[in-house]
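# Coordinate inspection notes
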Amino acid sequence: MTTALILLPAGGALLVWLLPWSRFWAGSFALLVSLAEVGLWIETLIRFDFSRSGLQLGARAGWFGDLGISYHVGLFGFSLWLIGMTVVVMTAAVAYAFWTGRDRARAYFGLQLFLTGAVVGVFAAQDLLLFYAFFEAMLIPLYVLVGVWGGPGRLGATLKFVIYTMAGSLLMLAAVIVLGIQQGSFDLVSTGTSGNTWIFLGFVAAFAVKAPLFPFHGWLPDAYREAPPEVSAVLSGVVSKAAVYGLLRIAIAKFPGPTHDVRVPILVFAAIGLVYGSLVAFRAPDVRGVIAYSSLAQMGLIVLGLFAANALGFDGAILQSVNHGLLSATLFLLAGGIERRTATGELSRLGGMARGRPALATLLMTTGIIALAVPGSSAFAGEFLILAGVFQQGWIWAVIGAGAIVLAAMYMLRLISAVLHRDVGPSVPDAALDLRPAELGFLVPLVACLLALSAWPAAVSHRSFGGQLTRSADGFRFSLSSGIQSIPPTVFPPGTRVRLIGEATCEIHPDGKVTCSQ
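Just so we're clear, the structure is a prediction, and the values are computed from it rather than from any experiment.

### Side note on the nonpolar core
- If you look at the biggest cluster of nonpolar residues, it comprises 172 residues, and the most contacted ones within it are Met138, Phe203 and Val419.
- Sorting elements by how many residues they give to this core places helix α3 (residues 77-100) first, with 16 residues.
- Setting aside residues no more than four positions away along its own chain, Val419 makes contact with Val287, Ile338, Leu347, Leu350, Gly351, Gly352, Met353 and Leu364.

Structure (structure tokens):
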């Protein structure tokens, strides 16, 4: 099932490239494959047993036996939700591209499908070199999509994107090789942990570039502004979550000692990025600028949750990753619709678009209100869990996070007001239409997913790590079926004693080793 999730869009991409289809048929087939991918994910969701922890629906085959490298894929609860968000957003992106009528359709839609398969592969990979291969394969179509179909400044934006991501990729490759040789295998499930701080920092730096996190975000403004709206939606909503998965599955899970030792500097940079991104988003002159820098801020918040290194922080980080993926994609696609109607994204030239355009006003207001993290929204649930988790590492982190959330309300209200209210802007023609049925076809499902998550955020937050983790007076407890491997080791700070009910008491040491006694 997991392999099918990877191969379906990849095979669809090959067919789009090879068959001499017209623009209409290439787009229609790509959309059909994307919808089939959503259906396959739903089938996977039904088969997944959330009462069990650990890897499920896995597949493994030898690749380079002498080097201990294998094709090894499988799903955890958190990776299943990230894949679900990915296939929904990618389907909306394909539908947007089909509606706008992208030229060189076979190349464009093939790249979108190939990107879908590569991102799903990243979230499913359980071998270090396989993860790296999917990670690099994910970047190749992005370079082409931005560089060929982007705006007037696309070449400069692509060059900057390539330089940053290649530097991060080289760091990751070095870290992967050294860790694999050190462990004697590249398998993420069978190998143990490492206490090497330099390897850990190599992984963190590589993922910080892709997220992006402050101060590795230099490629972000140009890429998000120059890329086609649906590619910006994927960059911000989906591709950045590959970094979240890498930080959780590799950096944190495999380096518990360095995670504990270097936690404070990482939290500092995440907090700076959260505040800086919020302030710049508030001052950004255009719609895409607001969304781009808000993404920088949100990634800082998610990293705060990850490096809180406790159950609340992890649950909040995954829930907020899914939230942000859907929110960011919806906002970028709405921004694309606004730009098509007004030929600009400058806030000073917009205004009054709510008049006579109820569908646009309703969807932008609904998405903006959820992004405001009002109580009862999925964003509120995710941010509250992150703040509660990071509070356990120090109240100052929670205060910074809460302050930045207030700033988020300010820039989102500014965006809504500048687009929908005030006087009609000079670039808003009276003939500008409301959202068309085709646009509603890919925007309404995204908003519906956000509303569903708002009604039931526990669907993600309580079903990402198996559900066996509970707090008690003497620490965290597991059921016998879960075992300690199924949860990232740094759910506990080094020195914590963990009781496996009815079995043994285990202690996590600063070097990441676990010793158990009856």
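Now that the structure is up, let's keep going.
### Topic: the side chain of Ser79
- Examined against the element boundaries, Ser79 turns out to sit in helix α3.
- Owing to a relative accessible area of 0%, Ser79 belongs among the buried residues under this scheme.
- Sequence-distant contacts of Ser79, that is, excluding residues within four places in its chain, are made with Phe123 and Tyr245.

### Some details on helix α6 (residues 154-183)
- Given a rise of 1.5 Å per residue, 30 residues ought to cover 44 Å, and the 42 Å separating the end C-alpha atoms of α6 matches this to within 8%.
- Ala157, Thr158, Phe161, Thr165, Gly168, Ser169, Met172, Ala175, Val176, Leu179 and Gly180 are the residues of α6 that are buried.
- Looking at the residues trailing α6, positive phi occurs at Gly184, about 80°.

### Re the packing of helix α11 (residues 263-283) against helix α12 (residues 287-308)
- Look at α11 against α12: their axes get within 7 Å of each other, and the N-to-C directions meet at 155°. Comparing the axis directions of α11 and α12 gives the class roughly antiparallel. Regarding α11 and α12, the two cross each other, and that crossing is left-handed. Where α11 approaches α12, its residues Arg263, Ile266, Leu267, Ala270, Ala271, Gly273, Leu274, Tyr276, Gly277, Ser278, Val280 and Ala281 are matched on the opposing element by Val290, Tyr293, Ser294, Leu296, Ala297, Gly300, Leu301, Val303, Leu304, Phe307 and Ala308.

### As for the packing of aromatic side chains
- This structure, assessed with the given rule, holds 31 aromatic pairs.
- Members of the aromatic cluster, joined through ring pairs, are Phe76, Phe78, Phe123, Phe131, Phe135, Phe200, Phe203, Phe207, Tyr245, Phe255, Phe314 and Phe465.
- Note that Arg340 overlies the ring of Trp99, its terminal NZ or CZ placed 4.8 Å from the centroid.
- The ring of Phe282 carries the charged tip of Arg414 above its face, separated from the ring centre by 6.0 Å.

### Here we look at the environment of Val120
- By the secondary structure assignment, Val120 is in helix α4 (residues 105-124).
- Its relative accessible area of 0% is what places Val120 among the buried residues.
- Considered as a pair, Val120 and Ser79 are 41 residues apart in the sequence and their alpha carbons are 9.1 Å apart.

### Quick look at helix α14 (residues 358-371)
- Under the 1.5 Å per step criterion, the end-to-end length of α14 is 20 Å for 14 residues, consistent within 8% with the ideal 20 Å.
- Ala359, Leu360, Ala361, Leu363, Leu364, Thr367, Gly368, Ile370 and Ala371 are the residues of α14 that are buried.
- Of the surrounding secondary structure, the elements contacted by the buried residues of α14 are α13 (311-342), α15 (378-391), α16 (395-420) and α17 (437-455).
- Two residues or fewer past α14, Ala373 is found with a positive phi of approximately 65°.

### Here's the deal with empty space enclosed by the protein
- Following the criterion strictly, the structure yields 6 cavities of 30 Å³ or more and no others.
- Reported here for the largest cavity is a volume of approximately 140 Å³.
- Per element, the largest residue contribution to the lining of the largest cavity is 5 residues, and it comes from α13.
- Taken together, the residues that form the lining of the largest cavity break down as 8 nonpolar, 6 polar and 1 charged.

Rules behind the numbers
- Residues numbered from 1 in each chain as written.
- Predicted model: local features only at pLDDT ≥ 70, side-chain atom pairs only at ≥ 80, totals over all residues.
- Heavy atoms only, no water.
- Core = buried A, V, L, I, M, F, W, Y, C linked by side-chain atoms within 4.5 Å.
- Buried < 20%, exposed > 50% of the residue type's maximum accessible area, 1.4 Å probe, protein only.
- Helix = DSSP H or I, 4+ residues; strand = E, 2+ residues; numbered from the N terminus.
- Contact = heavy atoms within 4.5 Å.
- Expected span 1.5 Å × (residues − 1).
- Axes fitted to C-alpha atoms, helices over the stretch in contact; angles between N-to-C directions.
- Parallel < 35°, antiparallel > 145°, perpendicular 65-115°, else oblique.
- Left-handed = near helix turned anticlockwise from the far one by under 90°.
- Phe/Tyr/Trp six-rings, centres within 6.5 Å; stacked < 30°, edge-to-face > 60°.
- Lys NZ or Arg CZ within 6 Å of the ring centre and 35° of its normal.
- 1 Å grid on protein atoms, 1.4 Å probe; cavity = no way out; pocket = protein on both sides within 12 Å on 5 of 7 lines; lining within 4 Å.
- Points joined across faces, edges and corners; volume = space filled by probe spheres on them.
- Nonpolar A, V, L, I, M, F, W, Y, C, P; charged D, E, K, R; others polar.

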